[in-house]
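One-letter residues, chain by chain:
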Amino acid sequence: MNSEQFRAAGAKMVDYAIEYMETINKREPLPHVVPGWLAKVMPPQAPVKGEPFENIFNDFEKVVMEGTTHWMHPQFASYFPAGNTWPSILGAILSNAVGVNGTTWESCPAVTELEMIMADWVGKMMGIPKFFWTVFSNPETEGGGCIQTSASDAILLGMISAREDCVRSLRIKYPNVPRAVLLNRMVAYRSSQCHSSVERAGLIGYMRVRPLPADELGNVRARTLREAIKEDMKNSLIPYLYVAVLGSTGTCAFDDLMEIGPVCQDFGMWLHVDSAYAGSCYACPEMRYLSKGMEYAWSLNTNMNKWMLTNFDLSFLWLRYREKLAGPMTGYDDTRIHTPYWPIIELKYFGTPATRRFRALKMWFVLRNYGISGMQKYHRNHILQSKVFERYVERDERFEVVGPTRVGLCCFRLRGTNDINNKLLEAINASRRLHMVPSYFHEKFVIRYAPVYQFLTEEDVATSWRITDEFATAMIHQYIRDGTDAALLKPLFDLQAYYDEQHKAHPDEQWDREETAAETFVTSHEHEKIVDFFAMSAKDGSYGDAGDDEDKTYDGYLKSHPEALRREEIRGQPKVTDKVPSMLRMEIREKAAKK
Ligand SMILES: Cc1ncc(COP(=O)(O)O)c(C=O)c1O
């Protein structure tokens, strides 16, 4: 391919990308292929003679897109968001075009320095403590951030840094004890709600990681951690690390760092905070109540390629002491840690690969194009829409919400067995009209509604709910017909019968499903936390670190965020439709009493 052919093909690709995004609604979120389909239609080996790009591109649509899942589809509500925006795509194009490898500073000064600066830009936007900033922003710092491929990599590196920090201090104390013996004595802890990458990092890094049970909200309590530590110490183990999760994968549970942090501090333990998904929304000051206690952390990771409008791959790892990562990576060779450019870092000591792509470029494009306010608008919309979905669930008595919907994920289930919930999700996914994935919370099968689409609207949410409702109704009817788990599911069957009667009597009325964003409001629990946050940050002046000049009070916040004001105004007012569920509850109770 020569440059003229590249120009023509490139223009075609851009047109294709635009057309794809603009017509994505016409596709179904999931493809219809079966496992092994591709090998059947692909030649068994690469062509001997090169082919014109036209042919390759035709096969892309015919063959590859046939088996492609449309993550950017409004009815794709699985996993966590996958960021993707035009400026991010443009950043990726230019990063590939210049084709540099970042390793030492000289290998490409722009790769190193833009990465450090972006770590500061994002960190400040998220309001993380100043000890995580690089020397460009905080001359006092010993910390800083760097880019990793994924949260799993960042978690592994954070944990390895903690492990080596502990081994190092133990070797000073016990110089004659072999390293393997020390490793065998050391113990790390994690929440049972943590992502599997924590367990995997333990396996890769020869780290004993003890899972701790979470409470009914998904938090590990300080008492649980303290008791585990004491028990292990009695058995001559050496606790050195707790991996906290802020925004767990299963149900978006948040460890309370204000509780856990002091315990880690008391026992001289490293606190790693995994906020792979939810960390992004700390860009909105009103969400930072969820990250309170971050000042206890020694390392922190957040993916930009989840909820920060940046495409895969790009995750930040911030360290309180950058040498604790670079040290082990250089074999504690001072000449390599302290290069002539120190404190400018040598990226090759901040990850497992020796070289890296110019990923910071994507971040720079995205942040400049959206600005902090654009990012906040995006997060606030996703948070609001997930709340809208939650209200649909709450209004339908056949369902229950599992855990509070605080960020962009709503977890819910039918009030019934795991089996009926599993079958419901299977049926929805098999229809390919909506895609969601499950998780388990305290042994309960839970369905996760986690929208991905950047411009999600209330209509998109309503469509997702309608599909869920339609399949739930069909599934319950099927269970009633078959008599499956009739004793266990009796309350659910009764509710369904009641709903069926209502629909027969009022076929045109959506009396039980009517919902608008205007009716969505912050719960009083969240409200208290937000008020607390503003009271605290107004006192210490911390709100505004990201450079915004908003009034530092809750009232000021409401003034500058009309949508929050709207929610605030309706907070506490009786909702018209409230009477329906309570009537329903009374009727069901009466029915049950009669039987
Ligand atoms: C809380 C949390 N941690 C870690 C991960 C792993 O992320 P990655 O795929 O970037 O390794 C995930 C993935 O969803 C996650 O939700």
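Residues numbered from 1 in each chain as written. Predicted model: local features only at pLDDT ≥ 70, side-chain atom pairs only at ≥ 80, totals over all residues. Heavy atoms only, no water.

As recorded in an unreviewed UniProt entry, the protein chain goes by Tyrosine decarboxylase and comes from Folsomia candida. According to UniProt, the comment filed for the protein chain under the heading Cofactor (unreviewed entry) is "pyridoxal 5'-phosphate". Recorded in UniProt for the protein chain, the comment headed Sequence similarities (unreviewed entry) runs: "Belongs to the group II decarboxylase family." (UniProt positions renumbered as here; feature names shortened; annotations may be inferred.)

**Student:** Can you help me understand the sheet that holds strand S8 (residues 399-401) in this one?
**Tutor:** An order of S8-S9-S11-S10 is seen for the four strands of this open sheet, with the pairing classed as antiparallel. The sheet is open, and its two edges are formed by S8 and strand S10 (437-441), each paired on a single side. Across the sheet, the mean angle separating the axes of adjacent strands is 40 degrees when strand polarity is ignored. (Pairing = 2+ DSSP bridges. Helix = DSSP H or I, 4+ residues; strand = E, 2+ residues; numbered from the N terminus. Axes fitted to C-alpha atoms, helices over the stretch in contact; angles between N-to-C directions.)

**Student:** Explain the packing of helix H14 (residues 360-395) against helix H16 (residues 458-482) to me, please; I cannot follow it from the model alone.
**Tutor:** To describe two helices that pack against each other, one gives the angle between their axes and the distance between the axes. Remark: H14 packs on H16, axes separated minimally by 10 Å, with the N-to-C direction vectors making an angle of 35 degrees. The two elements H14 and H16 meet at a crossing, and its hand is right-handed. Contacts between H14 and H16 pair Gln385, Val388, Phe389, Tyr392 and Val393 from the former with Glu458, Val461, Ala462, Ser464, Trp465 and Thr468 from the latter. Of the residues assigned to the contact of H14 with H16, the class counts are seven nonpolar, three polar and one charged. (Left-handed = near helix turned anticlockwise from the far one by under 90°. Contact = heavy atoms within 4.5 Å. Nonpolar A, V, L, I, M, F, W, Y, C, P; charged D, E, K, R; others polar.)

**Student:** Quick question: what am I supposed to make of the site of the ligand here?
**Tutor:** The immediate surroundings of the ligand are formed by 13 residues, with Ala151, Ser152, Thr249, Asp274 and Asn303 found nearest. Note that an oxygen atom of the ligand is positioned 2.8 Å from one of the backbone N or O atoms of alanine 151. Here an oxygen atom of the ligand and a side-chain polar atom of threonine 249 are 2.8 Å apart. Bound to the protein, the ligand loses 86% of the 390 Å² it would expose on its own. Among the elements that take part in the shell around the ligand, helix H6 (residues 151-173) stands out by supplying three residues, more than any other. A breakdown of the residues in the shell around the ligand according to their chemical character gives four nonpolar, seven polar and two charged. (Near = heavy atom within 4 Å. Polar contact = N/O pair within 3.5 Å; in protein donor to acceptor, adjacent residues only side chain to side chain. Areas by Shrake-Rupley, 256 points an atom, 1.4 Å probe, with all protein chains shown as cover.)

**Student:** Where do I start with H16 in this structure?
**Tutor:** Counting along an α-helix, one turn takes 3.6 residues, and residues three or four places apart therefore face a common direction. For H16, with 25 residues, the first-to-last C-alpha span of 36 Å sits near the 36 Å given by 1.5 Å per residue. At the C-terminal side of H16, glycine 483 shows a positive phi close to 70 degrees. (Expected span 1.5 Å × (residues − 1).)

**Student:** Could you clarify how one ought to interpret the environment of proline 451 in this entry?
**Tutor:** With respect to the element layout, proline 451 can be found in the loop between strand S11 (444-449) and H16. Classification of proline 451 by relative accessible area gives buried; the value is 1%. The sequence separation of proline 451 and leucine 409 amounts to 42 residues, and the corresponding C-alpha distance is 7.4 Å. If near-sequence neighbours (up to four positions away) are discounted, proline 451 is found in contact with Phe76, Ala77, Pro81, His382, Ser386, Gly408 and Leu456. (Buried < 20%, exposed > 50% of the residue type's maximum accessible area, 1.4 Å probe, protein only.)

**Student:** Where do I start with the UniProt feature "modified residue: N6-(pyridoxal phosphate)lysine" (unreviewed entry) in the protein chain in this structure?
**Tutor:** Within this numbering scheme, the UniProt entry marks Lys306 as carrying the feature "modified residue: N6-(pyridoxal phosphate)lysine" (unreviewed entry). Turning to its location among the elements, lysine 306 is positioned in helix H11 (residues 304-307). Classification of lysine 306 as partly exposed rests on a relative accessible area of 21%. For lysine 306, the contacting residues outside a window of four places in its chain are Phe80, Pro81, Ala82, Gly83, Ala276, Tyr277 and Tyr378.

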